[in-house]
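Structure at a glance
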Number of protein chains: 4
Amino acid sequence: MQAVVKTRRGPGGEVKTVPTPVPGDDEVLVRVRASSVCGTDVHLWVWNPWAEARVRKIPLVLGHELSGEVVQVGRAVTSLAVGDHVSAETHIVDGTCYQCRTGRMHICENVQVLGVDHDGVFAEFAVLPERNAWKNDPALAPEIASVQEPLGNAVHSLLPEETDEDLAGRRVLVTGCGPIGLMAIAAAKTFGAETVVATEVNPLRAGLARRMGADAVLDPTAGGAPIAERVREASGGRGVDVALEMSGHPASLQLVFEALTAGGRVSLLGLFDRPATLDVDNALVLKAARVQGIFGRRMFTTWYQVKSLLARPAFREKVAEIITHRVPIPEVGRAMELIASMQAAKVSLEAKW
Amino acid sequence: MQAVVKTRRGPGGEVKTVPTPVPGDDEVLVRVRASSVCGTDVHLWVWNPWAEARVRKIPLVLGHELSGEVVQVGRAVTSLAVGDHVSAETHIVDGTCYQCRTGRMHICENVQVLGVDHDGVFAEFAVLPERNAWKNDPALAPEIASVQEPLGNAVHSLLPEETDEDLAGRRVLVTGCGPIGLMAIAAAKTFGAETVVATEVNPLRAGLARRMGADAVLDPTAGGAPIAERVREASGGRGVDVALEMSGHPASLQLVFEALTAGGRVSLLGLFDRPATLDVDNALVLKAARVQGIFGRRMFTTWYQVKSLLARPAFREKVAEIITHRVPIPEVGRAMELIASMQAAKVSLEAKW
Amino acid sequence: MQAVVKTRRGPGGEVKTVPTPVPGDDEVLVRVRASSVCGTDVHLWVWNPWAEARVRKIPLVLGHELSGEVVQVGRAVTSLAVGDHVSAETHIVDGTCYQCRTGRMHICENVQVLGVDHDGVFAEFAVLPERNAWKNDPALAPEIASVQEPLGNAVHSLLPEETDEDLAGRRVLVTGCGPIGLMAIAAAKTFGAETVVATEVNPLRAGLARRMGADAVLDPTAGGAPIAERVREASGGRGVDVALEMSGHPASLQLVFEALTAGGRVSLLGLFDRPATLDVDNALVLKAARVQGIFGRRMFTTWYQVKSLLARPAFREKVAEIITHRVPIPEVGRAMELIASMQAAKVSLEAKW
Amino acid sequence: MQAVVKTRRGPGGEVKTVPTPVPGDDEVLVRVRASSVCGTDVHLWVWNPWAEARVRKIPLVLGHELSGEVVQVGRAVTSLAVGDHVSAETHIVDGTCYQCRTGRMHICENVQVLGVDHDGVFAEFAVLPERNAWKNDPALAPEIASVQEPLGNAVHSLLPEETDEDLAGRRVLVTGCGPIGLMAIAAAKTFGAETVVATEVNPLRAGLARRMGADAVLDPTAGGAPIAERVREASGGRGVDVALEMSGHPASLQLVFEALTAGGRVSLLGLFDRPATLDVDNALVLKAARVQGIFGRRMFTTWYQVKSLLARPAFREKVAEIITHRVPIPEVGRAMELIASMQAAKVSLEAKW
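Quantities reported herein were computed from a predicted structural model and do not represent experimental measurements.

Side note on the domain arrangement of chain A
Many structure descriptions define interface size as the accessible area lost when the parts assemble. Residues and elements named next belong to chain A. Each assigned domain of chain A is listed here: domain 1 (2-146 + 312-350) and domain 2 (154-293). The C-alpha-based centres of domain 1 and domain 2 are spaced at 28 Å. Taken together, both faces of the contact between domain 1 and domain 2 bury some 1,200 Å²; the carbon and sulfur share is 68%. At the boundary of domain 1 and domain 2, one finds 1 salt bridge.

In C-alpha cells, the structure reads:
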C-alpha cells in the first residue's frame, strides 16, 4: 500500500510503498477514506526537539486522525464488522494500570500513541485495536468524521469530568483560536453557555471564531484597556466561570486567571514549552480557582458527546468551516506548510493516492 | 390596594381592597407588573384536601409567580434599589438549619411559601425578603419574567445538583407536557441534549411539545408496541440517560424506569397523591438507576441557568408559546377554570385592575 | 481436578472430578487457596425459581468468591505473573458497550457472571480473564482475601459514584446486618462517618453489628416508638444523611426514606422479590431524596478502596469476625445449610479436598 | 471590657479598656471563654506590608478564633439563645453576590473578616452575626472549640467540594506541618486515607506530624534521593492521589506536582508571597492534574465535618497536642513571639484578664 512514512530521524517524510498491515486477534484493518493533520504531525514532520526526544520507532507511518471503513476484523473482535465506518481514538492503553482501572484510561501510565509509537493512518490502510475504533454514522462526511479526535479535546476541555459543573448558563473564555479553540467555541454555545469570549491575534482565526458563535473576539495586542478588563466587560462583569487556555502563550496563562470569577475553573490544554511564572497567591489560592490539565479526551464519554454534536446539521457546518483546506494526501508536505505558517486552520487530507 | 384574597376556608376567592403591605428592614416592596398561575394556586382556589390541610393563614393574598418593580427598600437592604425589576423565589427560608447551612436552602426544614404561608403576589403590591427577590433584565417582558419560577423547576429537574452529569449528548425522556414539562423539553434541547422524547395524551400539549423541540411526542394510550419500547426506539435504542417524571401518573412512574438505560438517572417532580407500586428490583437495583426527588429549585444556581436561557431570543419565543392565555387579573377565576379544565398551558395575569 | 458441580437443573450439587480448565490468551489459571459462599450460591444450590430462570449452563462449577495463586498465564497477559496472589471480580464484561465505554463497566449490558454463566471457583483450579483478576498482597490471609467481592458491594453502597458526597461527618443507617451490611458498618466508621445506626432482628447478627462499630443496633420488631423515630433519635435528630437498604424487607424500604434527612441519599442493595409499595410523594419528591440502585461494585475504583480498608489491621480483624464458620469445601452442602438457616454470617470454604 | 487592641498603624498592640459592643438585630454578644492565635494575627501584630495594605480600621480589636458563650441575642435572631456555646466563622459575607447565591459563600465578593475589618475576639466580649456563630457541644473544651476555624481550613483542603473524590483509600501528601498541616494529617487518617506522607524541616513539627498519624515524615533538605522520589517510595510507588501544599515554599509547589499520580489533585493553601515558576506542561497539562485554591472553608458543610471529627475522643486528643502552649491573654505579645519564632505550633489564649 501507499503511505506517508518517516524514514529517518530528520525533517520531512516520504510517500512510498510499504506492506499492508495485518490485524491481530483484537484488531481491525481499516481502509482510510480521509485523514487530517494535527499539530503533532507537524512537529514530527519538521522534526523539532520534542520529536527527536519522543520518537523511538523509525520507519514510522505518520498520522492519527482518520475516517475509514473496516475491511477485516481479528477473530476476537465482537463489536465491529466489515463495512463499519470508524474513526480512531489515538491513545492505545494497557487497560490494567491504576488509571485504566479507575475510569481514567485516557491518562494510562503506559499509553502509546498512534502515528507516534505505532504506525499511523496517513496510508491506504491502517490497523486499529478494537477498543480504539469508534463507530461512525455511515452518513457522516469522511472529512468531518476524521476531525473527531481534536473535537474530543475541545469537548474534554469544556467538560473534563463527570463531576464538573455543566455549562448551562456559564460564561466561558477561550484563549487561542486554533482548530481546537474554534471547536470549543462552537461546542460551548451548543452546550448552553451564556457567553463565549475568545482571544486571538490572527485575523483569519478571529474571523472564524466569530462564525463559530463567539460573542466577542478580542485581540490581546490591540491597545486600550488591559485585556483581562476587556474580557470581563465582554462577558458581563463578574468574570468568567470557565476559561480554556488553548494558545500556549504565557500571557494567556495570566489572563485566564485574571479574567476568572472567584471559584471559577480553568482548563489548560496549550503547552508552554518552558516553565511559566504565575502569581499563584492571587491567581489561584485567594481566588479559590480550580485548574484542570487536559490530556486527550475521556474514553469514551467524550466521544459520545462529540457524536451528539455532530448529529446537529448546524454544528457540522461549523466544523466544515474550520477545515479551511483540502489537500490530496501525496501533497502532505504542502499541508504541513499551510499549518506551520498559520495560513490554515484545519487541513483535511484526501485519499487520492 | 387591590388584591385577590382567600377570605374563607373554602372554594373561590375575592378581588378586594386590602392595606398595602409595608416592607421590613430586609424586605422590599414591589409593584406587580405581571403574575401567572401555578397548579398550587388552583389547588388553593378550588380548596382541595391538600389546601385544607396545608393552609393556616386566612385571609391570604394568593399567588407567587410575578414580575415587578421595586418601589421601596428596607433599611438593611443592600443589593436592590428602587426601580429594579425583580421576580420572586417562592421559598422563604430560615438560613440557619442543616439544609440551609449546607448549600441546600431550597429544602429548608422550616421553609415558608409565598402565597401559601405569607401574603402573595396576586395584588397591586407585594413584599419580598431581599434574599427572595431576583433581579431581572429590565428589557425582559413582564409576562415572561413572571414564569421564571416554574422554569426553574424544569431546569432543576434536568440538572438537580452540581455533581450531576451534564446533558451534553444525553438522551432525555419527559413524561407529561404541562407547563413545566414543556419548559423542560425546550431547556434540554438548549443545553445540548442529543434527543428529547416526550409523552402526552392531550393533543394541545402534544402539539406544544413538538414546537418546544421534542424529537418525538408519544401518546402512551395509543395502540401498538408497549410505550417503553416506543420510547427506546424513538431515542436510539439503548434507553434514555435522563428521564423526568412530570405527570404524576403511576403508569409514567413505571415508564421512566423501563425506558432508562442501565445507570441512567430519573428526576421525579410529579406528585402521585397516593402510594405507588414499583418493581424496585428491576426498576432500580439491578439497573443501578439513580433517582432524584425534585422540590423547588436551587437557590440560586438554577436561577442563573434560567437567566441564561432567557437571554436567548429563540428560547424566549418558546416560553411565550407556552403562555397560551392572557387574562386581566380581576378575571382570575376564569384563569383558574382554564387550567383546571386543561384548556390552557400557562395563563398569564395582566395587571389591569 | 476436584470441583463442586451443579450437574442437573434441581437442588443440590456434587463434588466430582472434572477436567482442569485451560486459560485462553488473555486469561490466567489460578489455584484456589480459599473460597467463600455468597447468597447467590445458596440460590443456585437450593435451585429456587430465580436459578431456574437464570441458569443456562449445566453442568456448572459453582462459586465466585476466591483467593488463589496464579499458576499459568495466557500469552497476551501482561499485568500478572505466575505466583501472583489474586481474587476475582465476578462480572465478566464486554468492554465495548455504552456502559463499558463510559466508565460503568460494572453494569455492562452483556455482563456474564462467574459461577453462574461461566464455571466458577469452588474447585481446585479456576480460569479468570486477566481484567477480572485483582492482585492481592501475598500476606493477606486467603479467607480474608476471598471475601473482597462482597466487601466491594458494601463499599460501593456507601460510595456509589465519584460524585457522591463523602462520608466524612455523615450519619448513616444500615438496614439489615447480613455479611454485606456488617461490612458496610465497619467501612462507614473507617471512612469517617459520624454515626452509624443499624437495624436487625437476628440477635447473632445484631451482636456482630455492635462489634463492627455500630453506634446503635435497633430491632424494628421491638415495641416502643416507631422505628423511624428511634433511628432519628439514635442518630442525632435531624435524620440520617445516607441510608443503605440491605435487608430486602418492604418495611425497611419505608424506613430508609422515613429516617432520611431532606436531601439525603439512599442506596438500595437488597432485593425485594416482588413489587413494593412506596409513598413516592413524601418519601422521595417532597424530601428531595436521592436514590441509587446498587449492582456489583465499580471496576475497579471500589477494589482500591477495599484494598485500603484491608491494609488496616483493625479492619481485617472485623472482617475475620464476620466469617463465623470455616468448612472444608467437600462439606459445601453444610455451608449452604448454615447460611440458609441464618446460623452463620459468612462461611469460608477451606481448600481441603 | 478588656481587649487586645491595635491602636496605631505599626508593630505591636495594647491591652486596654474599651466599650463592650452592642449586638444588632441579627447579631449575638458572646463572652469569650478561650481564643487562639492564627498566622494572620501575627502579621497584624508585627505589621508587615500585607497588614499595612490590608487594614483600614484602626483602632481594631484583634483576633478571630474563639470559643464563647452567648450572653445576649438581637431581636431577629432565631437559631441561638443565651447560654449557647459558640465558635465563629470568620468570613462575614453579603449573602447576595454571585458566589453567595451559588453555594460558595466562603468566597463572597464582598467578604469582611473578623479581627481584620471588624473588631475581633481577643477581648472579654465579642459581637458575631447570627450566621457566623457556630453552635458547639457545651462539653467541648473551650481551647479545642476555639481552633475549629483552622481545622476547617485543613478539612476544606482535603475535601474542597462536594464533587471531589472522597479520601477512602487515597494516598495523601501534606507539605508543611504548621498547625493546619498537622490537623490535615490527623483528619486525612480519620477520613480513611490509606497513606499520609508529610514533609517538614522543623524537628518539633515533624515529631508532631508523626503523632498525628503520618505514615512517613520526610525532611526535604536531608540528603539522599530527590524528595519527590522519596515521597513516591513512602506512598507506595504510583504517586499520591491528593497533595496539600501548606508551606508556602516554592520548592514544595514543585514537589506536590512531581509526587502526584496522573489525574491526581492538589490543594493549594500556602501563600508564596511572590510569583512562582512552574513547569506547567509537565506538572499540570500532561499529567492531567487538578488544582484547587483554598480560601476559608465551606459555609457550613466543612463545619459539620469538623464537628464530627471533634466528636471522636482520639481526634480531640490529637488536636490538644497541636496546642503546644497556653498563655494568659494579657501576655498575647509572648504568644505572638512563640509563633513567629516557630517554637510553638498552636498557641491558646486563656481568658484570664
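Some thoughts on the packing of aromatic side chains
Tallied over the entire structure, the rule returns 20 aromatic pairs over all chains. On the numbers, 4.7 Å between centres and 80 degrees between planes, the contact of Tyr98(A) with Tyr304(C) is edge-to-face. Of the two residues, Tyr98(A) sits in helix H3 (residues 98-101) while Tyr304(C) sits in helix H11 (residues 301-310), which places them in two different chains. Looking at Tyr98(A), the relative accessible area reads 6%, which means it is buried.

Some points on the interface of chain A and chain D
Each partner contributes to the interface: chain A provides 42 residues, whereas chain D provides 42 residues. Between chain A and chain D the total buried area reaches about 3,400 Å² when both faces are included, carbon and sulfur atoms providing 53% of it. Summed over the three residues of chain A that lose the most area to chain D, namely Tyr98(A), Val285(A) and Arg290(A), the buried surface amounts to 19% of that side. As a salt-bridge pair, Glu161(D) and Arg290(A) come within 3.7 Å of each other at their nearest N and O atoms. Our enumeration of links across chain A and chain D arrives at 25 residue pairs in polar contact (both at pLDDT 80 or more). It is strand E15 (residues 260-268) of chain A that contributes the most residues to the side of chain A that touches chain D, 5 residues altogether. When grouped by side-chain class, the residues that make up the side of chain A that touches chain D number 21 nonpolar, 9 polar and 12 charged.

Some points on the relation of the copies chain B and chain D
Least-squares fitting of chain B to chain D yields an RMSD of 0.0 Å, with the transformation described by 0.0 Å of translation along the axis and a rotation of 180 degrees. What the superposition gives is, in effect, a two-fold axis relating one chain to the other. In this assembly the copies share their binding face: 100% of the residues contributing to the interface of chain B also contribute to that of chain D.

Details of helix H1 (residues 39-46) of chain B
All names here are of chain B. Buried within H1 are the following residues: Asp41, Val42, Leu44 and Trp45. Along the axis of H1, the buried positions cluster into a sector of 160 degrees, meaning they face one direction only. Tucked inside the fold, the buried residues of H1 contact strand E1 (2-6), strand E3 (27-36), helix H2 (49-54) and helix H13 (332-340). Once H1 ends, the next one or two residues include tryptophan 47, with phi positive near 55 degrees.

Quick word on the environment of Pro275(A)
Mapping Pro275(A) onto the fold places it in the loop between E15 and strand E16 (276-278). Remark: the alpha-carbon pair of Pro275(A) and Pro250(A), spanning 25 residues in sequence, is separated by 9.3 Å. Sequence-distant contacts of Pro275(A), defined by excluding residues within four places in its chain, comprise Thr277(D), Leu278(D) and Asp279(D).

A short note on the sheet that holds strand E2 (residues 14-17) of chain D
All names here are of chain D. Spatial ordering of the open sheet is given by E2-E1-E4, a layout of 3 strands whose pairing is antiparallel. Looking at which strands have only one partner, the edges of the open sheet turn out to be E2 and strand E4 (60-61). Here strand E1 (residues 2-6) pairs with E2 via 4 bridges, running antiparallel. What sits directly across from valine 5, in E2, is glutamate 14.

Remarks on the relation of the copies chain A and chain D
For the pair of chain copies, the relating transformation is a rotation about an axis with a translation along it. Rotating chain A by 180 degrees and translating it 0.0 Å along the rotation axis places it on chain D, where the RMSD comes to 0.0 Å. When you check the interface residues of chain A against chain D, 100% turn up at the interface there too, and the contact is symmetric in its surfaces.

Quick word on the sheet that holds strand E4 (residues 60-61) of chain B
Spatial strand order, E2-E1-E4 (chain B): 3 strands in an open sheet with antiparallel pairing. In this open sheet, the two strands that pair with only one neighbour each are strand E2 (14-17) and E4 of chain B.

Here's the deal with the interface of chain B and chain D
Each partner contributes residues to the interface: chain B has 19 residues there, and chain D has 19 residues. With both sides pooled, the region where chain B packs onto chain D buries about 1,500 Å², and carbon together with sulfur makes up 51% of that total. When the buried surface of chain B facing chain D is broken down by residue, Thr96(B), Arg101(B) and Tyr304(B) rank first, second and third, together holding 41% of it. Taken together, the connections running from chain B to chain D amount to 6 residue pairs in polar contact (both at pLDDT 80 or more). Among the secondary structure elements, those contributing two or more residues to the side of chain B that touches chain D are helix H3 (98-101), strand E10 (133-135) and helix H11 (301-310) of chain B. By residue class, the composition of the side of chain B that touches chain D is 7 nonpolar, 6 polar and 6 charged.

With respect to the pattern of salt bridges
All names here are of chain A. Overall, the coordinates contain 72 salt bridges over all chains when judged by the stated rule. The residue lysine 57 makes a salt bridge to aspartate 119 at a minimum N-O spacing of 2.9 Å. You can see lysine 57 sitting in the loop between helix H2 (49-54) and strand E4 (60-61) and its partner aspartate 119 sitting in the loop between strand E8 (112-113) and strand E9 (125-129), a full 62 residues away along the chain. On the basis of relative accessible area, lysine 57 is assigned to the partly exposed category, the value being 30%. Overall, aspartate 119 belongs to the partly exposed group, its relative accessible area being 36%. By sharing partners, the salt bridges in this structure join Arg54, Arg56 and Asp117 into a single network.

As for helix H12 (residues 332-340) of chain D
Residue and element names in this part refer to chain D. Regarding H12, the residues found buried are Val332, Ala335, Met336, Leu338 and Ile339. Looking straight down H12, one finds that the buried residues subtend no more than 160 degrees of arc, so they occupy a single side. Directly beyond the C-terminal end of H12, a positive phi value near 60 degrees is found at methionine 342.

Examining the pairing of strand E5 (residues 65-73) of chain C
Residues and elements named next belong to chain C. Here strand E3 (residues 27-36) pairs with E5 via 8 bridges, running antiparallel. By the bridge assignment for E5, arginine 31 is matched with glutamate 69. Where E5 meets strand E6 (residues 85-88), 3 bridges bridge the pair, whose relative direction is antiparallel. Within E6, the residue paired with glutamate 69 across the bridge is histidine 85.

Conventions we followed
- Residues numbered from 1 in each chain as written.
- Chains lettered and ligands numbered in written order.
- Predicted model: local features only at pLDDT ≥ 70, side-chain atom pairs only at ≥ 80, totals over all residues.
- Heavy atoms only, no water.
- Domains from an automatic or database assignment.
- Buried area = accessible area lost by both parts, 1.4 Å probe.
- Salt bridge = Lys/Arg side-chain N within 4 Å of Asp/Glu carboxyl O.
- Phe/Tyr/Trp six-rings, centres within 6.5 Å; stacked < 30°, edge-to-face > 60°.
- Helix = DSSP H or I, 4+ residues; strand = E, 2+ residues; numbered from the N terminus.
- Buried < 20%, exposed > 50% of the residue type's maximum accessible area, 1.4 Å probe, protein only.
- Contact = heavy atoms within 4.5 Å.
- Polar contact = N/O pair within 3.5 Å; in protein donor to acceptor, adjacent residues only side chain to side chain.
- Nonpolar A, V, L, I, M, F, W, Y, C, P; charged D, E, K, R; others polar.
- Least-squares fit on C-alpha atoms with pLDDT ≥ 70 in both.
- Arc of directions from axis to C-beta.
- Pairing = 2+ DSSP bridges.

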